[in-house]
Amino acid sequence: MNPLVVPLVESIGRNFSVVLASGSPRRRELLDRLNLNYKVIPSNFAEDLDKSKFASAADYVISNAEIKAQDVFSRIRGQTDKPVLVIGSDTVVVSPSGEILEKPASPQDAAETLKSLSGKTNIVYT
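In this text, all values refer to a predicted model and were calculated from it rather than measured experimentally.

Conventions adopted
Residues numbered from 1 in each chain as written. Predicted model: local features only at pLDDT ≥ 70, side-chain atom pairs only at ≥ 80, totals over all residues. Heavy atoms only, no water. Salt bridge = Lys/Arg side-chain N within 4 Å of Asp/Glu carboxyl O. Helix = DSSP H or I, 4+ residues; strand = E, 2+ residues; numbered from the N terminus. Buried < 20%, exposed > 50% of the residue type's maximum accessible area, 1.4 Å probe, protein only.

Draft legend 1. The arrangement of the pattern of salt bridges in detail. For the structure shown, the criterion picks out 6 salt bridges. A salt bridge links Lys-68 to Glu-47; its shortest N-O distance comes to 3.3 Å. Here Lys-68, found in helix α3 (residues 57-76), pairs with Glu-47, found in the loop between β2 (39-40) and α3; they are 21 residues apart in sequence, far enough to count as distant. A residue is classified by how much of its surface remains accessible, and Lys-68, at 6% relative accessible area, is buried. Residue classification places Glu-47 among the partly exposed residues on the basis of a relative accessible area of 24%. Among the salt bridges present, the one from Asp-71 reaches Arg-75, with a minimum N-O distance of 2.9 Å. Note that Asp-71 and Arg-75 are positioned in helix α3 at a spacing of 4 residues, about one turn of the helix. You can call Arg-75 partly exposed: its relative accessible area is 33%. A cluster of three or more residues bridged by salt bridges with shared partners is formed by Glu-47, Lys-68, Asp-90 and Lys-103.

What follows is the structure, encoded as structure tokens:
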């Protein structure tokens, strides 16, 4: 780990109540690797933004992440003496045709999506 990261992470842990606004095992794993104390409170946001309203997939992902964090913050505000740091995130895949793909709705949908993307260059935004 970068030697500059450790003091920063320690400072965050001392000075903030950290909340992960996601139930994602991968995101928990990333925070665990930092030895950061945090709570997991998944967002209730429906993730139903109109993709056509965004200039780019990156803008879409950022908006989803911000709304997830705001949703959780609004539910926990005032429940701790420390300032709260809520971490919200989102991930999408952009197909070679430019379509923004969300989490598959079913195992069959996942298999079809993987098959359609296999062997092609895709872009992932988080």
